[in-house]
Amino acid sequence: MIDFEKAGRLVVTCYDRNAPFLEAELIELGFAPSEVFRTHVELTGSLNDCIFLNMHLRTASHVLYEIHSFTLDHVQHLYKVVKDLPWEDFIDTDGYFSVISNVKHDSVDNPLFVNVKIKDAIADRFREKFGVRPDSGSSLNEAVFQFFWKGEEASLYINTSGDTLIKHGYRKIPGAAPMMESLVSACLLASNWDRKSPFVNPMCGSGTVAIEAALMATDRYPGLYRDDYALMYIKGYDAGVYYALKGKLQAKIKPAEDLILLASDISERAISASRENARFAGVEDLIQFEVCDFRETTLPDTEKGILFLNPEYGERLGDTETLEETYREIGDFMKQRCPGYTGLVFTGNLDLGKKIGLKPKRRIPFYNGTIDCRLLVFELYRGSRVPGKD
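On a predicted model such as this, the values are computed, not experimentally measured, just so you know.

Reading guide: rules and limits
Residues numbered from 1 in each chain as written. Predicted model: local features only at pLDDT ≥ 70, side-chain atom pairs only at ≥ 80, totals over all residues. Heavy atoms only, no water. Buried < 20%, exposed > 50% of the residue type's maximum accessible area, 1.4 Å probe, protein only. Helix = DSSP H or I, 4+ residues; strand = E, 2+ residues; numbered from the N terminus. Contact = heavy atoms within 4.5 Å. Pairing = 2+ DSSP bridges. Axes fitted to C-alpha atoms, helices over the stretch in contact; angles between N-to-C directions. Phe/Tyr/Trp six-rings, centres within 6.5 Å; stacked < 30°, edge-to-face > 60°. Lys NZ or Arg CZ within 6 Å of the ring centre and 35° of its normal. Core = buried A, V, L, I, M, F, W, Y, C linked by side-chain atoms within 4.5 Å. Salt bridge = Lys/Arg side-chain N within 4 Å of Asp/Glu carboxyl O. 1 Å grid on protein atoms, 1.4 Å probe; cavity = no way out; pocket = protein on both sides within 12 Å on 5 of 7 lines; lining within 4 Å. Points joined across faces, edges and corners; volume = space filled by probe spheres on them. Nonpolar A, V, L, I, M, F, W, Y, C, P; charged D, E, K, R; others polar.

Since the α-helix packs 3.6 residues into each turn, any two residues three or four apart lie on the same face. Buried residues dominate helix H6 (residues 208-217), accounting for 10 of its 10 residues. For H6, the complete set of buried residues consists of Thr208, Val209, Ala210, Ile211, Glu212, Ala213, Ala214, Leu215, Met216 and Ala217. Of the surrounding secondary structure, the elements contacted by the buried residues of H6 are helix H5 (181-191), strand E9 (199-201), strand E10 (261-265), helix H8 (268-281), strand E11 (287-291) and strand E12 (305-309).

In sheet architecture, strand pairing relies on hydrogen bonds along the backbone and comes in two forms, parallel and antiparallel. As summarised here, the arrangement of the eight strands in space is E2-E3-E1-E4-E8-E7-E5-E6, forming an open sheet in which the pairing is mixed. Unpaired on one side and paired on the other, strand E2 (35-36) and strand E6 (135-136) mark the two borders of the sheet. The sheet contact formed by strand E4 (residues 60-71) and strand E8 (residues 153-159) spans seven bridges and is antiparallel. Note that in E8 the partner of Glu66 across the bridge is Tyr157. Where helix H1 (residues 19-28) meets the sheet, its contacts fall on strand E1 (8-14), E2, strand E3 (40-45) and E4, and the angle it forms with E3 comes to roughly 25°. Sheet contacts for helix H2 (residues 47-56): E1, E3, E4 and E8; angle to E4, the most-contacted strand, approximately 155°.

Moving on to the packing of aromatic side chains. Scanning the model with the defined rule gives 17 aromatic pairs in all. When the centroid spacing of 6.4 Å and the interplanar angle of 55° are considered together, the rings of Phe4 and Tyr237 count as tilted. Taken together, the residues Phe4 in the segment before E1 and Tyr237 in the loop between H6 and helix H7 (239-252) connect sequence positions 233 residues apart. Judged by its relative accessible area of 5%, Phe4 falls in the buried class. Following the ring pairs from residue to residue traces out a cluster consisting of Trp87, Phe90, Phe97 and Phe145. The ring of Tyr367 has Arg17 sitting right over it, with the charged end atom 4.0 Å from the ring centre. Here Lys172 stacks its cationic end above the ring of Phe280, 4.5 Å away from the centre of that ring.

The subject of this paragraph is the nonpolar core. Of all hydrophobic cores here, the largest spans 122 residues; its most connected members are Phe147, Ile287, Phe346 and Phe366. The biggest single contributor to this core is H6, with eight residues. Those residues within four positions of Ile287 in sequence are excluded, and the remaining contacts are Ala210, Ile211, Ala214, Leu261, Ala263 and Ala278.

This next bit is on the pattern of salt bridges. In the structure shown here, the tally under the stated rule is 20 salt bridges. Here Arg127 and Asp124 are joined by a salt bridge, their closest N and O atoms 2.9 Å apart. Of this pair, Arg127 and Asp124 both sit in helix H4 (residues 111-130), three residues apart, which is roughly one turn of that helix. Three or more residues joined by partner-sharing salt bridges are found here, namely Arg9, Glu42 and Glu66.

What follows concerns empty space enclosed by the protein. The full count for this structure, using the stated rule, is one cavity of 30 Å³ or more. Within this model, the largest cavity holds a volume of roughly 100 Å³. Around the largest cavity, the lining residues are Glu25, Glu28, Leu29, Arg58, Leu189, Arg195, Met216, Asp219 and Tyr221. Split by residue class, the lining of the largest cavity holds four nonpolar, no polar and five charged.

Strand order across the open sheet formed by seven strands is E11-E10-E9-E12-E13-E15-E14, with mixed pairing between neighbours. Looking at which strands have only one partner, the edges of the open sheet turn out to be E11 and strand E14 (362-368). Pairs of neighbouring strands in the sheet enclose a mean axial angle of 20°, with direction left out of account. Examined bridge by bridge, E9 and E12 share two bridges and lie parallel to one another. Pairing of Phe199 across the sheet is with Ile306, part of E12.

In structure tokens form, the structure reads like this:
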């Protein structure tokens, strides 16, 4: 049985380019990251810390706890190393486990072969010691072990999350080509929104941006909407620790009576989906929904607000030529109706982004899946600007 209080090496993975925002989250939660890479952040913590992280992190994909790190020069030596590990301390003979491998080595043509070698080694150890073995498969619904191998450096981990954390569990109606919740969270952190000033989301689609903003403003964390993680199937897991943390999640929720959150879309179906998703997330009453063209969205008069648009960008939806006019209209809308706001436009088409006709203050790089994207940040000043100072 594993000691869930024992500190070890943790690796928290995320979308490529999300790591700086994941690092900021970890620091805000009281952790001290040791190294930050493009797709993951490393730190020290226990398996009980992993429970906490799985329930709180908005920008992460998986939380991994290292079992064993070793030198490996050829795949033929993998079986023995794995078989010698005390897997009976991790799972029961009547349990279930799956294996994920991320491999870059000349001796391996197919990572699935590595998965099989690891599964065979674990199964054979159980057979030799107990005469029976746990079931295994590709489903991530119970214990999950993850293997990384690059060059001669190899590591085995408990994937404490199982199913990915990029979905936050409340979005029952996804809509067309939605941004994943973790990506939206990273964009909101990148925006430096103070979580108090007005937040307006035209073209809201299924409502993810407005909902994530409401969740952040009220300290609602993803663990409120999920009750199953892979570490719950590791020997030594104490359900009491989990339910105590669950109770604290509820207690952290704070009111936001003065917060102004607006979400609009020209599609009644989109607004209906947004309302339903917001209702499931418990924030429907915090968001004002409107069915209208983005140019007709209600804009509170403010000295400091956020305007967030995620228009189509011709990769999966829409036609590029038609969208050029849409982007020009977005620029006109921001210039004419949004003084005092910080305008954010998330796009995967940089050429279309230029059609906005305004010079962004920042171009923050992200990936949406495999699409190279930018969060364009525009400071929309009141009155005229001094020439050359924009």
